[in-house]
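Working through the structure, step by step
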Amino acid sequence: MTGAQVTLCFLLRASDGAEEVLLGLKKTGFGTGKIVGVGGHLEQGESAAQAICREVAEEVGITILTEQLIPAGTVEFVFPARPEWDMFTTVYLCRDYVGKAVESEEILPHWYPVQKLPHDRMWADATHWVPAFLAGEHGTWRIVMNPDNESVASSTHSL
Ligand SMILES: Nc1[nH]c(=O)nc2c1ncn2[C@H]1C[C@H](O)[C@@H](COP(=O)(O)OP(=O)(O)OP(=O)(O)O)O1
């Protein structure tokens, strides 16, 4: 395991019989301009579960309790050309939360049908792991980026 400890959560809701996921346009910091899962860095002394509850509240104004989180697995992002960008991400799903998504300085949130994710506006690697987590698969992913820090050199998955 390498990289900064981060966490993200896919909030899910039913809409006309179809499932939707809350993603957000990143307005600042790492990945600006991309559509990403809601989340961020763990602070000193925080568990991933505590961090994601704080991040979701800060970024989109929704309240989650740690017991409402569904652990889904981890994704390690490796940037060989920029090792300082490496991140180790703990991923959760959540179907039980309070509040409506609101825009913050960091994220413009939007609900997307799980079957129609905006892949052209997401990180290129997202096709490798996001649909799998949203389909309920539990897993450990390792994504290694090419020197352009955008396209995927390799992606491995284990249970
Ligand atoms: N290759 C990749 N594909 C992807 O889909 N998400 C990635 C990724 N590499 C990193 N991420 C995610 C993980 C993490 O949720 C997010 C970066 O964390 P943050 O949003 O917290 O970063 P920032 O530097 O903007 O914010 P601060 O934590 O406030 O410093 O980017």
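Residues numbered from 1 in each chain as written. Predicted model: local features only at pLDDT ≥ 70, side-chain atom pairs only at ≥ 80, totals over all residues. Heavy atoms only, no water.

For the record, the criterion: UniProt positions are given in the numbering used here, feature names are shortened, and annotations may be inferred rather than shown by experiment.
An unreviewed UniProt entry annotates the protein as Oxidized purine nucleoside triphosphate hydrolase originating from Arthrobacter cryoconiti. Under the Cofactor (unreviewed entry) heading, UniProt states for the protein: "Mg(2+)". Of the protein, the UniProt comment under Sequence similarities (unreviewed entry) reads exactly: "Belongs to the Nudix hydrolase family."

Notes on the site of the ligand
So the rule is basically this: Nearness here has a simple test: a residue counts as near a molecule or strand if at least one of its heavy atoms is within 4 Å of that partner. Within 3.5 Å is the distance limit for a polar contact, defined as a pair of N or O atoms, with the added protein rule that one can donate a hydrogen and the other accept it, and that residues adjacent in sequence qualify only through two side-chain atoms. Note on areas: these come from Shrake-Rupley sampling with a 1.4 Å probe, and a residue is covered only by the protein chains present in the view. Under the scheme used here, helices are H or I runs from DSSP no shorter than 4 residues and strands are E runs no shorter than 2 residues, and both carry numbers assigned from the N terminus. Only Asp, Glu, Lys and Arg are considered charged in this grouping, and only Ala, Val, Leu, Ile, Met, Phe, Trp, Tyr, Cys and Pro are considered nonpolar; every other residue, Gly among them, is considered polar.
Taken together, 15 residues lie around the ligand, and Lys26, Phe30, Gly40, His41 and Asp125 are the ones closest in. A distance of 2.5 Å is found between an oxygen atom of the ligand and a side-chain nitrogen or oxygen belonging to Lys26. Alone, the ligand offers 640 Å² of accessible surface; in the complex the protein occludes 81% of this. Broken down by element, the residue count for the shell around the ligand peaks at three residues, all from strand S3 (residues 35–41). Of the residues assigned to the shell around the ligand, the class counts are seven nonpolar, five polar and three charged.

A look at the nonpolar core
For clarity, the threshold we go by: The definition of a nonpolar core used throughout is a set of buried Ala, Val, Leu, Ile, Met, Phe, Trp, Tyr and Cys residues joined through side-chain atoms within 4.5 Å. Throughout, exposure labels follow a simple rule: accessible area from a 1.4 Å probe, protein chains only, divided by the maximum for the residue type, with under 20% read as buried, over 50% as exposed, and the rest as partly exposed. What makes two residues a contact is simply this: any of their non-hydrogen atoms within 4.5 Å.
One finds Phe10, Leu11, Ile64 and Trp129 to be the most contacted residues of the largest nonpolar core, which totals 47 residues. Leave out the neighbours within four places in its chain, and Leu11 touches Glu20, Val21, Leu22, Val56, Ile62, Ile64, Cys94, Tyr97 and Trp111.

Section: the packing of aromatic side chains
Where two aromatic rings form a pair, the distance of their centres and the angle of their planes describe that pair. Convention followed: In summary, the pairing rule links any two rings of Phe, Tyr or Trp, Trp by its six-membered ring, whose centres are within 6.5 Å, and it sorts them by plane angle into stacked for under 30 degrees, edge-to-face for over 60 and tilted for everything else.
Tallied over the entire structure, the rule returns nine aromatic pairs. Taking 6.0 Å as the distance between ring centres and 90 degrees as the angle between the ring planes, the aromatic pair formed by Phe30 and Phe79 counts as edge-to-face. With a gap of 49 residues between them, Phe30 in the loop between strand S2 (18–26) and S3 and Phe79 in the loop between strand S4 (70–78) and strand S5 (87–94) connect regions that are remote in the sequence. Accessibility expressed as a relative area gives 31% for Phe30, which makes it partly exposed.

Section: the UniProt feature "domain: Nudix hydrolase" (unreviewed entry) in the protein
Sequence positions flagged by UniProt for "domain: Nudix hydrolase" (unreviewed entry) are, in local numbering, residues 2–137. What you have in residues 2–137 is 16% helix and 38% strand, and the ends, taken at the C-alpha atoms, are 23 Å apart.

Notes on the side chain of Arg54
Secondary-structure assignment places Arg54 in helix H1 (residues 48–60). By relative accessible area, which is 17% here, Arg54 ends up buried. Beyond its immediate stretch of four places on either side in the chain, Arg54 contacts His41, Leu42, Glu43 and Glu46.

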